[in-house]
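One-letter residues, chain by chain:
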Amino acid sequence: MDCPACGSPVTLEVGPDRPLSTSLSDAVLAAEEDERIEVSRDCWDCGWHEMRQLRIESIDTTAGDETAVERAALIDEITDELAEIDQVATLEELLTEARRQRRADPVTSDTDGNATE
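Residues numbered from 1 in each chain as written. Predicted model: local features only at pLDDT ≥ 70, side-chain atom pairs only at ≥ 80, totals over all residues. Heavy atoms only, no water.

> Just checking my understanding: could you explain the overall build of the chain for this structure?
A count of helical and extended segments in the chain gives 3 helices and 5 strands. Ordered by position in the sequence, the α and β elements of the chain form the string β-α-β-β-α-α-β-β. Along the first, second and third principal axes, the C-alpha set of the chain runs to 70 × 40 × 25 Å. A separation of at least 24 residues holds for 38% of the contacts in the chain among residues at least 6 apart in sequence. Put simply, the chain has 10 plus and 30 minus side-chain charges, and the middle of one group is 6 Å from the middle of the other. (Helix = DSSP H or I, 4+ residues; strand = E, 2+ residues; numbered from the N terminus. Contact = heavy atoms within 4.5 Å. Lys, Arg positive; Asp, Glu negative; His and termini not counted. Charge placed at Lys NZ, Arg CZ, Asp CG, Glu CD.)

> How do you make sense of helix H2 (residues 66–83) when you look at a structure like this?
For an α-helix, the turn length of 3.6 residues means that residues three or four places apart are oriented alike. For H2, spanning 18 residues, the distance from its first C-alpha to its last is 26 Å, which sits close to the expected 26 Å at 1.5 Å a residue. Burial runs low along H2: only 0 of the 18 residues are buried. (Expected span 1.5 Å × (residues − 1). Buried < 20%, exposed > 50% of the residue type's maximum accessible area, 1.4 Å probe, protein only.)

> Would you take a moment to explain a negative patch on the surface for this structure?
A contiguous patch of negative charge, built from Asp76, Glu77, Asp80, Glu81, Glu84 and Asp86, is present on the exposed surface. Inspection of the secondary structure assignment puts Glu81 in helix H2. (Patch = residues over 30% accessible without salt bridge, like charges linked within 9 Å, V, L, I, M, F, W, Y side chains within 5 Å. Areas by Shrake-Rupley, 256 points an atom, 1.4 Å probe, with all protein chains shown as cover. Salt bridge = Lys/Arg side-chain N within 4 Å of Asp/Glu carboxyl O.)

> I keep staring at unusual backbone geometry and nothing clicks. Help me out?
A negative phi angle is the norm for most residues apart from glycine, just as the trans form is the norm for most peptide bonds. Here the phi dihedral of Asp34 falls at roughly 70 degrees; this positive angle occurs in a residue that is not glycine. Structurally, Asp34 can be placed in the loop between helix H1 (24–30) and strand S2 (36–42).

Remember that the coordinates give geometry; whether it matters functionally is a separate question.
Now the structure itself:
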């Protein structure tokens, strides 16, 4: 950000209990519920100064879906492998085989929304 008074660059400091190198996002993510974070911006050319306080009102977290995480990791691994294949014919064969296996292994849904084979 540039100084609103003179246009020079300003420094952003998160403190006072944190190292000068602490980024605002790191401070927010490390904060506890009801903790206050002080943020100051200073222009060392003209002396402009601004102080703000942020309060962490609440922290909501959710547990990840283990199946979705595993599936995403497998998709990444498959994508990396496919990126290494240079021959189009090989990619076409893999696509054909994947489609054949999907047709041979149909998945249906029951009334509860759970997939069964």
